[in-house]
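In case you want the letters, here they are:
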Amino acid sequence: MSTFDHTPDRTNQWSFKWQKYAGKDILPCWVADTEFRCAPAILDALHALTEHGVMGYTLPAQHKPANDAIVRWLRDKHNWAIESDWIVWTPGVVPAFNVAIKAYCEEGDKVLVQTPNYPPLLAAPALNKTQRVDIPTVLQNGRWTLDLDALAREAADPRCKLMILCNPMNPVGSVMTQDEVDAIAAICEQHNVTLCSDEIHCDLILSEQVSHIPAGRVAALQDRSITLMAASKTFNVAGLGTSFAIIPDASLRRKFSQSAAGIVPWANIMGLEATRAAFTEGDEWLAEQIAYLRANRDYLVSRINEIDGLSVVCADATFLAWIDGSGLGVEDVQQWCESKGIGPSPGKDFGAPNFFRINFGCSRAMLTEILDRLSK
């Protein structure tokens with residue numbers, strides 16, 4: 001039995017995921033957190049913190065162990081040598097890309113966003129009084145990829161000041177290749193577009209032949225990029241509200257920090273300690289989780305593609321499956337799922353109403369129950 005087969009009961013823990021269907025015979029598989037207990041090193045670190053008993057102010061930039069942990073993690077896992085002063089701590093990537101719009105755009109400017117995409121990212125341009133320009137994701141040779149021709153065409157508009165990229169891509173699960181990242185970099189450079197790259201799933205690469213390329217590591221993007229990362233998805237600590245931006249360029253970093261000042265709170269001490277523990281002592285736990293998620297993904301793909309009306313592409317990353325329900329011939333795909341007793345993320349929230357997103361970051365037993373219900 002795997003460690004990941006044993007998952008705590010969350011039904012009485014006020015979990016956002018589980019509260020949605022409280023009292024109903026519907027298995028929730030929507031919000032992007034996993035059902036797994038945190039790595040022991042993280043729980044030990046948090047226990048030590050509570051035992052100490054003082055929860056006073058901690059300035060993230062002064063928490064040297066957490067900052068050193070990020071430097072080490074990016075060097076060892078992503079071949080990216082960064083300086084610690086490039087790190088800007090944030091209380092989540094959603095506040096971070098909203099801050100990026102405030103920092104680099106004026107009212108009425110255009111923001112390039114790939115679609116489909118997760119709801120908070122789609123909502124961000126309008127929240128900040130800018131115009132969202134959708135760049136479609138297309139299926140090519142059994143893989144979802146960005147429409148680079150559409151990106152080049154839209155980026156040529158001088159009102160386009162910022163692109164928000166999601167890589168690995170949520171919900172489709174693709175990881176940008178070197179050629180794709182280079183093409184995006186060239187387009188941004190040519191048209192003076194700043195890139196904000198949400199890479200929160202970058203440590204959840206499931207395909208062994210694929211590797212993640214951080215935006216800020218690319219020479220052409222170093223002076224025009226904000227790379228958003230966190231331990232939250234990888235180590236299931238999203239509720240601790242802690243993430244970070246890597247901003248190599250001092251001018252971009254200053255504008256970002258000024259736009260956040262007085263509005264965005266510091267990352268909290270619990271999140272800082274969890275990040276430190278994850279990025280210094282979590283390697284083995286993560287390797288075991290990757291193997292478990294890979295097996296879950298393969299099982300899900302096999303089962304889903306046997307169900308009439310459903311199809312799914314085998315994604316390279318994340319614990320999320322983007323499932324095409326257009327072959328069902330039903331008016332409301334989400335309603336069809338819920339009638340089967342499962343609660344995925346509705347595709348309409350991502351801009352694709354004939355799809356739905358299943359979170360397979362759960363025990364094999366729970367995943368089997370989800371798939372069995374869908375198969376009936």
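Here the structure is shown first, and the text comes after it.
Summarised in this report is the structure supplied together with it. Counting restarts for each chain: residues are numbered from 1 in the order of the written sequence. The model is predicted, so local features are restricted to residues of pLDDT at least 70 and side-chain atom pairs to those at 80 or more, both for listing and for counting; the totals for chains, interfaces and linings are taken over all residues. Side-chain measures were taken over the full set of non-hydrogen atoms in the model, leaving aside hydrogen atoms and water.

1. Section: the packing of helix α4 (residues 93–104) against helix α9 (residues 250–260)
Piece 1. Think of each axis as a best-fit line through the C-alpha atoms, taken over the contacting stretch in the case of a helix, with angles from 0 to 180 degrees between the N-to-C directions. Each helix is a run of H or I in the DSSP string that is no shorter than four residues. Each strand is a run of E no shorter than two, and both are numbered from the N terminus. The N-to-C vectors of α4 and α9 enclose an angle of 110°; their axes lie 8 Å apart at closest approach. Taken together, the axis directions place α4 and α9 in an arrangement best described as roughly perpendicular. Residues A96, V99, A100, K102, A103 and Y104 of α4 form the contact with α9, whose participating residues are L252, K255, F256, S259 and A260.
Piece 2. Along the lines of polarity and charge, the residues of the contact of α4 with α9 split into eight nonpolar, one polar and two charged. Any angle that is under 35 degrees is reported as roughly parallel, and any over 145 degrees as roughly antiparallel; angles of 65 to 115 degrees are reported as roughly perpendicular and all others as oblique. Whether two residues are in contact is decided by their heavy atoms: any pair within 4.5 Å suffices. Throughout, the ten residues Ala, Val, Leu, Ile, Met, Phe, Trp, Tyr, Cys and Pro are labelled nonpolar, Asp, Glu, Lys and Arg are labelled charged, and all others, Gly among them, are labelled polar.

2. Re the nonpolar core
Piece 1. Among the nonpolar cores identified, the biggest contains 66 residues, and I42, F235 and L300 are the most heavily contacted of them.
Piece 2. Among the elements that make up this core, the one with the highest residue count is helix α11 (residues 283–304) (eight residues).
Piece 3. Residues contacting F235, with those up to four places away along its chain left out, are C38, A39, I42, W73, A278, F279, G282, W285 and L286.
Piece 4. Among the buried residues, those of types Ala, Val, Leu, Ile, Met, Phe, Trp, Tyr and Cys that are joined through side-chain atoms within 4.5 Å form a nonpolar core. A simple rule labels every residue: compare its accessible area, found with a 1.4 Å probe on the protein chains alone, to the largest value its type can have, and call it buried under 20%, exposed over 50%, or partly exposed in between. One finds C105, L146, V172 and I187 within the second-largest nonpolar core, a separate group that totals 58 residues.

3. Looking at the environment of D44
Piece 1. Structurally, D44 can be placed in helix α2 (residues 40–52).
Piece 2. Exposure remark for D44: the relative accessible area of 54% places this residue in the exposed category.

4. Topic: helix α13 (residues 364–375)
Piece 1. Given a rise of 1.5 Å per residue, 12 residues ought to cover 16 Å, and the 16 Å separating the end C-alpha atoms of α13 matches this to within 8%.
Piece 2. The complete set of buried residues in α13 reads M366, L367, I370, L371, R373 and L374. Viewed along the axis of α13, the buried residues span an arc of 160°, placing them on a single side of the element.
Piece 3. Buried residues belonging to α13 abut α1 (16–19), β1 (27–29), α11, α12 (333–339), β12 (342–346) and β13 (355–359). Multiplying one less than the number of residues by 1.5 Å gives the expected span of a helix. Relevant arc is that of directions from the helix axis to the C-beta atoms, nothing else.

5. Considerations on the pairing of strand β3 (residues 110–115)
Two faces make up the sheet, and in a regular strand the side chains alternate between them.
Piece 1. Extensive coverage of β3 is indicated by the burial of six of its six residues.
Piece 2. Two strands pair if DSSP finds at least two bridges between them. Across six bridges, the pairing between β3 and strand β4 (residues 131–140) is parallel. Among the inter-strand pairings, Q114 is bridged to a residue of β4, identified as I135.

6. Here we look at the state of the cysteines
Piece 1. We call a pair of cysteine sulfur atoms a disulfide whenever their separation is within 2.5 Å. Scanning the entire structure with this criterion turns up zero disulfides.
Piece 2. Left without a disulfide partner, C188 is nearest to the cysteine sulfur of C160, which lies 10 Å away.
Piece 3. C188 sits in the buried class, given a relative accessible area of 1%.
Piece 4. This cysteine, C202, is not joined by any disulfide, and C166 carries the nearest cysteine sulfur, 11 Å off.
Piece 5. Overall, the relative accessible area of 2% leaves C202 in the buried class.

7. Overview of the sheet that holds β4
Piece 1. An order of β2-β9-β8-β7-β6-β3-β4-β5 is seen for the eight strands of this open sheet, with the pairing classed as mixed. With partners counted over all chains shown, the strands left at the sheet margins are β2 (87–90) and β5 (143–146), one partner each. Strand-to-strand twist in this sheet, taken as the mean axis angle between neighbours without regard to direction, amounts to 25°.
Piece 2. With respect to the sheet, helix α3 (residues 64–78) is in contact with β2, β8 (225–229) and β9 (243–246), its orientation differing from that of β2 by roughly 115°.
Piece 3. Each of β2, β3, β6 (160–166), β7 (194–198), β8 and β9 is contacted by α4, which is oriented at about 165° to β6, the strand it contacts most.

8. Some thoughts on the pattern of salt bridges
A pair can form between side chains of opposite charge whenever their charged atoms are brought close.
Piece 1. We define a salt bridge as a side-chain nitrogen of Lys or Arg found within 4 Å of a carboxyl oxygen belonging to Asp or Glu. Applying the stated criterion across every chain, the model contains 20 salt bridges.
Piece 2. Linking K17 and E35 is a salt bridge whose minimum nitrogen-to-oxygen distance equals 2.8 Å. One end of the pair, K17, is in helix α1; the other, E35, is in the loop between β1 and α2, with 18 residues separating them in the sequence. The two residues K17 and E35 agree in class, both being buried.
Piece 3. One continuous salt-bridge network, built from bridges that share partners, spans R72, R75, D76, K77 and D283.

9. Concerning unusual backbone geometry
Piece 1. Put simply, T115 and P116 share a cis peptide bond, and its omega is 0°.
Piece 2. Along the chain, P116 falls in the loop between β3 and α5 (119–127).
Piece 3. With an omega of 0°, the peptide bond running from N167 to P168 counts as cis.
Piece 4. Its place among the elements puts P168 in the loop between β6 and α7 (178–191).
Piece 5. Positive phi, close to 55°, is recorded for N79, a residue that is not glycine.
Piece 6. Its place among the elements puts N79 in the loop between α3 and β2.

10. Overview of the sheet that holds β13
Piece 1. Reading across from one edge, β1-β12-β13-β11-β10 is the order of the five strands in this open sheet, with mixed pairing throughout. Among the strands making up the open sheet, the edge pair consists of β1 and β10 (311–312).
Piece 2. Taken strand by strand, α13 contacts β1, β12 and β13, and its axis lies near 105° from that of β1.

11. Quick look at the packing of aromatic side chains
Piece 1. Note on aromatic pairs: the rings of Phe, Tyr and Trp (six-membered ring only in Trp) are paired at centre separations within 6.5 Å, and the planes decide the class, stacked below 30 degrees, edge-to-face beyond 60, tilted for the rest. Within this structure, the stated rule accounts for 16 aromatic pairs.
Piece 2. Pairing F97 with Y118 gives two aromatic rings, centres 6.2 Å apart and planes at 75°, and the pair type is edge-to-face. One end of the pair, F97, is in helix α4; the other, Y118, is in the loop between β3 and α5, with 21 residues separating them in the sequence. Exposure class is identical for F97 and Y118. Each is buried.
Piece 3. A centroid spacing of 5.0 Å and a plane angle of 10° characterise the contact between W322 and F355, whose relative ring orientation is stacked. Taken together, the residues W322 in strand β11 (residues 320–324) and F355 in strand β13 connect sequence positions 33 residues apart.
Piece 4. For F355, a relative accessible area of 15% translates into the label buried.
Piece 5. Taken together, F4, F36, W73, W89, F235, F244, F279, W285 and Y292 form an aromatic cluster joined through their ring pairs.

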